Amino acid sequence: MEIVIDAGGSPRTYEITATRAGRRVEVNTRRGLVEVSEVTRNGTPVRTARFMSSRILALVEHPADEVS
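Nothing here was measured: the structure is a model prediction, and the numbers come from that model. (Residues numbered from 1 in each chain as written. Predicted model: local features only at pLDDT ≥ 70, side-chain atom pairs only at ≥ 80, totals over all residues. Heavy atoms only, no water.)

**Points about the sheet that holds strand β2 (residues 11-15)**
Strand pairs in the sheet, formed through backbone hydrogen bonds, run parallel or antiparallel to each other. Judged by pairing direction, the sheet is antiparallel, and its 3 strands sit side by side in the order β2-β1-β6 without closing on themselves. Each edge of the open sheet is held by one strand with a lone partner, namely β2 and β6 (56-60). The sheet shows a mean angle of 15 degrees between the axes of neighbouring strands, direction not considered. The pairing of strand β1 (residues 2-6) with β2 spans 5 bridges and is classified as antiparallel. Counterpart to valine 4 in the pairing with β2 is threonine 13. (Pairing = 2+ DSSP bridges. Helix = DSSP H or I, 4+ residues; strand = E, 2+ residues; numbered from the N terminus. Axes fitted to C-alpha atoms, helices over the stretch in contact; angles between N-to-C directions.)

**Quick word on unusual backbone geometry**
One non-glycine residue with positive phi stands out, namely arginine 31, at about 45 degrees. Within the element layout of this structure, arginine 31 appears in the loop between β3 (24-30) and β4 (33-39). In this structure arginine 31 comes out as exposed when scored by relative accessible area, which is 87%. (Buried < 20%, exposed > 50% of the residue type's maximum accessible area, 1.4 Å probe, protein only.)

So, in structure tokens, the structure goes:
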């Protein structure tokens, strides 16, 4: 997941990815905040990033890589 925010003059890009097999990235929106979390299979957050929704220019979700 790529998050592009307005940083007061130039856009900044942050990237949150599922770093291990079985993990996923979840997005929650509440009260003017967007929270992007990498979570384990049982739902435990590993790392979380919070952004003000008024500053977000784009949320880009990349498809998961297929395992062959």
